[in-house]
Amino acid sequence: MDHYQQGRAFLSQRELEKARACFIEGLEADPKCAYGLVALAATLGQDMAAPLSRLAKVLPQIMLLADSADPEACFIAARCYETGSGIGADIHAAMKYYTRAAMKGHGDAAFNLGCIYMQMGPGGEQLALEFFGKAADAQCADAQFALGYYYESHGDLSAAKNWYEKAAQSGDPGMVAKYHDFLNL
C-alpha cells in the first residue's frame, strides 16, 4: 500500500485525520510521507517546526528518488526548493524538478510550474498556458480553474465556461460557486 498517495488523496478530500494516519503509518517505509506531514501541518495552520525537522532528515532520500526521475519525489523536491522547506529556496531548481514531474504526467507539478511562468509576465504566459493545459489534462481542478480565469479575463467566454465547468466537476465548493457565478453573468 502506498501510504503517501493514500494520505495525499485524503488530504485533497479534506479528510485530515485519515491523511495524518496514512502519513504517520508510512513514515518508516516511505520518506515522502514526511513531506505529507508538512503539507498537512500547513493546511491546518499548525507549527511547522517538527514536520520540517522530520523532512530535513529524509530530504537526501527524497532527492535521490527525484534524481532517479520519480515524479512524486520530483514534485516534493520542487516544492521544497520553491518554498525553502528543509532546503534553501531556489526557484531555478524548483522549476527543474517541476518540469521533470510534469513531463511524467504529474498534474500538480505542471500547475505549479504554470503559476511560476505566469508570474514572469507576458514572456512566460505561453509556457504557463502550456503547463496549465498539461495539468488540466491530468484532471488538476486548480489548472482547469486557472484556464477558466485566463480565458474569461481575455474575453473568450466560451472557453472560460468550458474550463470553469470542468473545474466545478471536482466538487470543490469554491469552484462550483465560481462556475455558477460565471453562468449568471
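Up top is the structure these notes are about.
None of the values given here were measured: they were computed from a predicted structure. (Residues numbered from 1 in each chain as written. Predicted model: local features only at pLDDT ≥ 70, side-chain atom pairs only at ≥ 80, totals over all residues. Heavy atoms only, no water.)

Q: Hey, could you go over the packing of aromatic side chains for me, with residue numbers and the actual values?
A: Per the counting criterion, the structure on display carries 8 aromatic pairs. On the numbers, 6.1 Å between centres and 50° between planes, the contact of Phe-75 with Tyr-98 is tilted. A residue pair is termed long-range when its members are at least 10 positions apart, and Phe-75 in helix α5 (residues 71-83) and Tyr-98 in helix α6 (residues 91-103) qualify at 23 residues. When sorted by exposure, Phe-75 lands in the same class as Tyr-98, which is buried. Within the aromatic cluster, the residues linked to one another by ring pairs are Phe-145, Tyr-164 and Phe-182. (Phe/Tyr/Trp six-rings, centres within 6.5 Å; stacked < 30°, edge-to-face > 60°. Helix = DSSP H or I, 4+ residues; strand = E, 2+ residues; numbered from the N terminus. Buried < 20%, exposed > 50% of the residue type's maximum accessible area, 1.4 Å probe, protein only.)

Q: Break down helix α2 (residues 16-26) for me, citing the residues and quoting the values.
A: Taken together, the buried positions of α2 are occupied by Leu-16, Ala-19, Cys-22, Phe-23 and Gly-26. Seen from one end, α2 has its buried residues packed into an arc of 125°, which puts them on one side. Those residues of α2 that are exposed and angled more than 90 degrees off the buried face are Glu-17 and Glu-25. Contacts made by the buried residues of α2 are with α1 (3-12) and α3 (32-44). (Arc of directions from axis to C-beta. Contact = heavy atoms within 4.5 Å.)

Q: Which residues make up the layout of surface pockets, and what values do they have?
A: Within this model, the largest pocket holds a volume of roughly 1,000 Å³. Taken together, 33 residues form the lining of the largest pocket, with Arg-8, Leu-11, Ser-12, Asp-108 and Asp-142 sitting closest to its centre. At the level of elements, α1, α3, α5, α7 (107-119), α9 (141-153) and α11 (173-183) are the ones that each hand at least two residues to the lining of the largest pocket. Per-class residue counts for the lining of the largest pocket are 16 nonpolar, 11 polar and 6 charged. (1 Å grid on protein atoms, 1.4 Å probe; cavity = no way out; pocket = protein on both sides within 12 Å on 5 of 7 lines; lining within 4 Å. Points joined across faces, edges and corners; volume = space filled by probe spheres on them. Nonpolar A, V, L, I, M, F, W, Y, C, P; charged D, E, K, R; others polar.)

Q: Tell me what's going on with the pattern of salt bridges, and back it up with residues and numbers.
A: In total, this model carries 9 salt bridges according to the counting rule given. With its nearest N and O atoms 3.0 Å apart, the salt bridge here joins Glu-15 to Lys-18. The shortest N-O distance in the salt bridge between Arg-100 and Asp-67 comes to 3.5 Å. Residue Arg-100 is located in helix α6, and its partner Asp-67 is located in helix α4 (residues 49-67); the two are separated by 33 residues in the primary sequence. For Arg-100, a relative accessible area of 33% puts it in the partly exposed group. (Salt bridge = Lys/Arg side-chain N within 4 Å of Asp/Glu carboxyl O.)

Q: Before we move on, can you summarise the packing of α9 against helix α10 (residues 157-168) with the specific residues and values?
A: Packing of α9 against α10 brings their axes to within 7 Å, and their N-to-C directions diverge by 160°. The angle between the axes of α9 and α10 places the two elements in the roughly antiparallel class. Read as a crossing pair, α9 and α10 show a hand that is left-handed. Contacts between α9 and α10 pair Ala-141, Gln-144, Phe-145, Leu-147, Gly-148, Tyr-149, Tyr-151 and Glu-152 from the former with Leu-157, Ala-159, Ala-160, Trp-163, Tyr-164, Lys-166 and Ala-167 from the latter. Here the residues of the contact of α9 with α10 sort into 11 nonpolar, 2 polar and 2 charged. (Axes fitted to C-alpha atoms, helices over the stretch in contact; angles between N-to-C directions. Parallel < 35°, antiparallel > 145°, perpendicular 65-115°, else oblique. Left-handed = near helix turned anticlockwise from the far one by under 90°.)

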